[in-house]
Amino acid sequence: IALTGNPDSGKTTLFNNITGTRQKVGNWPGVTVAKKEGLVRKFGCELKIVDLPGTYSLTPFSIEEIIARNYILDERPDVVIDIIDSSNLERSLYLATQLRELDCRVLFALNMEDVARARGIKIDVQKLMELLDVPVVMTVGNRNEGTDALLNAAIELAEKAFVVPKRRVKYSKDIQDSIHKLQRFIETKAAGKLPYNPRWTAIKLLENDKIVQKRVLEKTGTAAEDI
């Protein structure tokens, strides 16, 4: 289970709640960014919890963003839990939306619910799940509330057959047409060779994402020359 989220969303507090003293701290390979992980046994399962660097997006502008995205794409954790600051929902949903586009099993933890409530913010959890097409669990990390419910939901999600999210980010007609055209081209020229979702790959190539360009070349070989 990989934990991700914006800085100051309470991610580290939740990680500490889950793992307690059963933590191992080191560095991510080749960089000085701290890598924290822990092993716990819960609900009859042995869980490996990885605390990814705090980040506002998965666009590879910072080393933290590169680490988080590469881990999700390459290590393919069974579940990604996105820790969302309930009192800053709009800011947090940018990363949440990018995670959904990766077609991974993602679960949203609406953390700091007590802070949101104190500010007069009331979130309709059922409506949020409907709009985002992902499970949502309320937590209050500094009180250790909702931690067990969060882990139970993560285990249930991991054991279910993966279902591609129905809802997608809709862009303007010109961009949508370009995405569909490039997606079809990728699926035709590199069928079965690309490690990533074709739609997401098409979007990243249109964004001129250098890391994805390099990965596509590495994974597809000669087919990449046509792409």
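Refer to the structure presented above.
Since we're looking at a predicted model, the values are computed, not measured.

Our next topic: the environment of Glu 130. Summarising the element assignment, Glu 130 is placed in helix α5 (residues 125–132). Since its relative accessible area comes to 45%, Glu 130 is described here as partly exposed. Along the primary structure Glu 130 and Arg 22 are separated by 108 residues, whereas in three dimensions their C-alpha atoms are 36 Å apart.

Looking now at the packing of helix α2 (residues 63–75) against helix α9 (residues 210–220). One can describe the packing of α2 onto α9 by two numbers: an axis separation of 12 Å at closest approach and a directional angle of 30°. Relative to α9, the element α2 is oriented roughly parallel. As α2 packs across α9, the resulting crossing turns out to be right-handed. Counted together, Ile 66, Arg 69, Asn 70 and Asp 74 of α2 and Ile 211, Val 212 and Arg 215 of α9 form the full contact between these two elements. In terms of residue class, the contact of α2 with α9 is made up of three nonpolar, one polar and three charged.

Time to look at the nonpolar core. Ranked by size, the top nonpolar core spans 39 residues in total, and within it Trp 28, Leu 52, Ile 72, Leu 99, Leu 102, Phe 108 and Leu 110 carry the most contacts. Of all the secondary-structure elements, those providing two or more residues to this core are α2, β5 (80–85), α3 (89–101), β6 (106–111), α5, α7 (173–189), α8 (198–206) and α9. It is α2 that provides the largest number of residues to this core, a total of five residues. Those residues in contact with Phe 108, other than ones at most four positions away along the chain, are Asp 82, Ile 84, Ala 96, Arg 100, Leu 132, Val 134, Pro 135, Val 136 and Val 137. Of all hydrophobic cores here, the second largest spans 21 residues; its members include Val 79, Leu 151, Ala 153 and Ile 155.

Approximately 360 Å³ is the volume attributed to the largest pocket. Lining the largest pocket are 16 residues, and of these Asp 133, Val 134, Pro 135, Leu 157 and Val 163 lie nearest its centre. A total of three residues in the lining of the largest pocket trace back to one element, the largest contributor, which is helix α6 (residues 147–159). For the lining of the largest pocket, the class distribution of residues is eleven nonpolar, no polar and five charged. Of the voids in this model, the second largest pocket is the one considered here, and its volume is about 310 Å³. Looking at the second largest pocket, it is lined by 13 residues, and the ones nearest its centre are Ile 72, Arg 76, Leu 102, Asp 103 and Cys 104. Per-class residue counts for the lining of the second largest pocket are eight nonpolar, one polar and four charged.

What follows deals with the sheet that holds β6. Reading across the sheet, the seven strands line up as β2-β3-β4-β1-β5-β6-β7 and stay open at both edges, with mixed pairing between neighbours. Every interior strand has two partners, whereas the edge strands, β2 (23–27) and β7 (136–138), have only one. Put simply, the sheet's adjacent strands are angled 25° from each other on average, direction ignored. For β6 and β7, the ladder comprises three bridges, and the chain directions are parallel. For Phe 108, the partnering residue across the bridge sits in β7 and is Val 136. Across the sheet, α5 lies against β6 and β7, angled at about 155° from β7, the strand it touches most.

Evaluated as defined, the whole model comprises 14 salt bridges. In this structure, Glu 37 and Lys 35 form a salt bridge, with 3.8 Å as the shortest nitrogen-oxygen distance. Judged by relative accessible area, which is 13%, Glu 37 ranks as buried. We classify Lys 35 as partly exposed; its relative accessible area is 22%. Residues Arg 91 and Asp 85 are paired through a salt bridge, measuring 4.0 Å at the closest nitrogen-oxygen approach. Overall, Arg 91 belongs to the partly exposed group, its relative accessible area being 39%. One network of salt bridges, in which partners are shared, links Lys 11, Lys 36 and Asp 51.

The next subject is α5. Listed as buried for α5 are Val 125, Leu 128 and Leu 132. Burial along α5 is one-sided: seen end-on, the buried residues are contained in an arc of 60°. For α5, the N-terminal capping position is held by Asp 124, with its side-chain oxygen 3.3 Å away from the main-chain nitrogen of Gln 126. Positioned one or two residues after α5, Asp 133 has a phi angle of 60°, which is positive.

About the criteria used
Residues numbered from 1 in each chain as written. Predicted model: local features only at pLDDT ≥ 70, side-chain atom pairs only at ≥ 80, totals over all residues. Heavy atoms only, no water. Helix = DSSP H or I, 4+ residues; strand = E, 2+ residues; numbered from the N terminus. Buried < 20%, exposed > 50% of the residue type's maximum accessible area, 1.4 Å probe, protein only. Axes fitted to C-alpha atoms, helices over the stretch in contact; angles between N-to-C directions. Parallel < 35°, antiparallel > 145°, perpendicular 65-115°, else oblique. Left-handed = near helix turned anticlockwise from the far one by under 90°. Contact = heavy atoms within 4.5 Å. Nonpolar A, V, L, I, M, F, W, Y, C, P; charged D, E, K, R; others polar. Core = buried A, V, L, I, M, F, W, Y, C linked by side-chain atoms within 4.5 Å. 1 Å grid on protein atoms, 1.4 Å probe; cavity = no way out; pocket = protein on both sides within 12 Å on 5 of 7 lines; lining within 4 Å. Points joined across faces, edges and corners; volume = space filled by probe spheres on them. Pairing = 2+ DSSP bridges. Salt bridge = Lys/Arg side-chain N within 4 Å of Asp/Glu carboxyl O. Arc of directions from axis to C-beta. Polar contact = N/O pair within 3.5 Å; in protein donor to acceptor, adjacent residues only side chain to side chain.

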